[in-house]
Amino acid sequence: WQMRQWSALRHEQEQTRLQENRISELQRTQQDIRSALAQNTASSDSMARLQSAETLARAERSTEALARINGLEKEFANNATLLEQLAGIYQQLNYVDKAYPLTREALRLEPKNPAALLRMSYLEMNLGYPGPILQRLEQVAKQTPNESGPYVTMALFHDRNRRLPE
């Protein structure tokens, strides 16, 4: 009887610890959202606006996120990495019509940018565009062998096309 009680107590302690960790995580997320919302949409600090928008997009606060990134395309026009990050926010907000051309421009500026190659493959796959999706993904996998993104996207591609990898 005591062993069962002791086991139940340990289980309860573990559950309490997990709940406390989740509460802490939610509090941090809530603080991040508050900070992002406090960020002035007219701020001249483009990177702060981008980071604020990423936080708001993750929290599914699309209106606020869009307000933060309004006009950043022109400021980031010559930076492939920032264009790709901006495309990621638009993609997360389901604005594929904005994400696709920004990703295409990022690849024009930096054709071997792994994040942009991965994003373009994912976008084209979801849009049903024919193209060198697998070749891009294989290129990204070679450039970033320790990242799971290209392998997960390849698996999705094969699943959607009902093809087994070679």
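Computed from a prediction, not measured in an experiment: that's the story for all the values here.

1. Regarding the environment of Q15
- Within the secondary structure layout, Q15 lies in helix 1 (residues 2–38).
- As a C-alpha pair, Q15 and L82 span 67 residues in sequence and 41 Å in three-dimensional space.

2. Considering helix 5 (residues 80–92)
- Compared with an ideal rise of 1.5 Å per residue, which puts 13 residues at 18 Å, helix 5 spans 18 Å between its outermost C-alpha atoms and is within 8% of the ideal.
- Taken residue by residue, helix 5 has A80, L82, L83, E84, L86, A87, G88, I89, Y90 and Q91 as its buried positions.
- In this fold, the buried residues of helix 5 make contact with helix 2 (46–58), helix 3 (62–69), helix 4 (72–75), helix 6 (96–109) and helix 7 (114–127).
- Capping of helix 5 at its N-terminal end is provided by N79; its side-chain oxygen lies 3.1 Å from the backbone amide nitrogen of T81.
- Positive phi shows up at N94, right after helix 5, with a value of about 65°.

3. Notes on the confidence of the model for the protein
- Mean pLDDT over the protein stands at 85; residues scoring 70 or higher make up 91%.
- Mean pLDDT across the secondary structure elements of the protein bottoms out at helix 1, with 82, and peaks at helix 6, with 95.

4. Notes on the pattern of salt bridges
- Scanning the entire structure with this criterion turns up eight salt bridges.
- Among the salt bridges present, the one from R61 reaches E64, with a minimum N-O distance of 3.0 Å.
- In this structure, the salt-bridge partner of E105 is R108, at a minimum N-O distance of 2.6 Å. Here the residue E105 and the residue R108 both occupy positions in helix 6, the gap between them amounting to three residues, near one helical turn.
- Owing to a relative accessible area of 25%, E105 belongs among the partly exposed residues under this scheme.
- Owing to a relative accessible area of 55%, R108 belongs among the exposed residues under this scheme.

Conventions adopted
- Residues numbered from 1 in each chain as written.
- Predicted model: local features only at pLDDT ≥ 70, side-chain atom pairs only at ≥ 80, totals over all residues.
- Heavy atoms only, no water.
- Helix = DSSP H or I, 4+ residues; strand = E, 2+ residues; numbered from the N terminus.
- Expected span 1.5 Å × (residues − 1).
- Buried < 20%, exposed > 50% of the residue type's maximum accessible area, 1.4 Å probe, protein only.
- Contact = heavy atoms within 4.5 Å.
- Polar contact = N/O pair within 3.5 Å; in protein donor to acceptor, adjacent residues only side chain to side chain.
- pLDDT = per-residue confidence, 0-100.
- Salt bridge = Lys/Arg side-chain N within 4 Å of Asp/Glu carboxyl O.

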